[in-house]
Amino acid sequence: MNDYVLISDGSCDLSLEEAKKLNLLVIPFYIEFGDEPHFKEGSEISTQEFLQKMIDNPQTFPRTSLPSPQDYIEIFESALKEGKDVICFCITTKFSGSYNSATNAKMILAEEYPDRKITIVDTMVNTVLQGLIVREACKLRDNGASYEEVVKAVEENKKTGRIFFTVSGLSYLQNGGRIGKLSSVIGDFLKINPLICLRDGEIYSNGIAISRKRALMKIRDQIVKYLEEVNATPETYCLVVGYGYSKEEGQEFLEMLKKVLPDYEILFSQIGATISVHTGPHPIGVAALKRF
């Protein structure tokens, strides 16, 4: 039996069922929608319900609130009381203060549990790519890796993570302060589909496309090019397609990727509310990570 517990904040976008299967504890973000009381992502509102609310209320920009130190303390302490150490994975610090909140909880608990270890990991990623990191860590744990081996593997491989994706319009990115206002106005006016890459904890422009279909084709080409650049093989890299409101569109994109990457196992996961507040209800893309 392992002497440590793996925990992630809710940005990992793993369903409650999958988290349970992985023996992973998840600390959710809070979602605020207009004047409504906040909800805990996953347990109090499903991702699909949240995305539907975004579609039904296009003029309302929802917000997320990070887990509090107390939220982390409660989950950390449940493990510490059992004599187990903790490894906690957090969304990139460039997007959220979740890492700082977890670190504060660690400092508070250090006095009461001086013989226990708590490691807070800035994954430098988010959403389904963070989910890949968590899955790989769980595999290592289940294969008997030590606490130190898991932490080392995450730190060595997290920078290999990439997400190539597109969104429907730029208004949500602009509202969240991710791009300049002028870019949003021009993009929405021209109906441009932006191509975006997440690397090293930040998002970068990766081109544009004049239609959603063309955007997905370009994303397909970008992931193939990246895998070639890093000399990836199906044995050394894992992939996941992330989709928003439309599961059908996600499946069509998955089939498009399978045609050019037939030997790769490509996972399939819905992008959660923590990221959708910045992208809108229709993000779609693919993430890659070097296996641990």
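As the structure is a prediction and not an experimental result, all values here were calculated from the model.

How would you summarise the sheet that holds strand S6 (residues 85-90) if you had to cite specific residues and measurements?
In space, the four strands of this open sheet follow the order S2-S1-S6-S7, with parallel pairing throughout. Looking at strand neighbours, the two that pair on one side only are strand S2 (25-27) and strand S7 (118-122), the edges of this open sheet. Between one strand axis and the next, the sheet turns through 20° on average, direction left out of account. Bridge analysis of strand S1 (residues 4-9) against S2 gives three bridges, and the strand direction is parallel.

Describe the pairing of strand S12 (residues 266-270), naming the residues involved and giving the relevant values.
With five bridges connecting them, strand S11 (residues 237-243) and S12 associate as parallel partners. The residue bridging Gly242 from the neighbouring strand is Ser269, located in S12.

Can you break down the side chain of Ser276 residue by residue, with the values?
Looking at the secondary structure, you find Ser276 in helix H11 (residues 273-279). A residue is classified by how much of its surface remains accessible, and Ser276, at 0% relative accessible area, is buried. Of note is the side chain of Ser276, whose polar atom sits 2.9 Å from the backbone oxygen of Gly272. When neighbours within four sequence positions are excluded, Ser276 is seen to be in contact with Phe50, Leu51, Met54, Ile271 and Pro283.

Explain the sheet that holds S12 residue by residue, including any values.
The strand order across the open sheet formed by six strands is S10-S9-S8-S13-S11-S12, and the pairing between neighbours is mixed. Each of the sheet's edge strands pairs with one partner strand only, and the pair in question is strand S10 (202-209) and S12. Within this sheet the neighbouring strands show an average axis-to-axis angle of 20°, counted without direction. Where strand S8 (residues 162-166) lies against strand S13 (residues 284-290), five bridges are found, and the strand directions are antiparallel.

About the cut-offs
- Residues numbered from 1 in each chain as written.
- Predicted model: local features only at pLDDT ≥ 70, side-chain atom pairs only at ≥ 80, totals over all residues.
- Heavy atoms only, no water.
- Pairing = 2+ DSSP bridges.
- Helix = DSSP H or I, 4+ residues; strand = E, 2+ residues; numbered from the N terminus.
- Axes fitted to C-alpha atoms, helices over the stretch in contact; angles between N-to-C directions.
- Buried < 20%, exposed > 50% of the residue type's maximum accessible area, 1.4 Å probe, protein only.
- Polar contact = N/O pair within 3.5 Å; in protein donor to acceptor, adjacent residues only side chain to side chain.
- Contact = heavy atoms within 4.5 Å.

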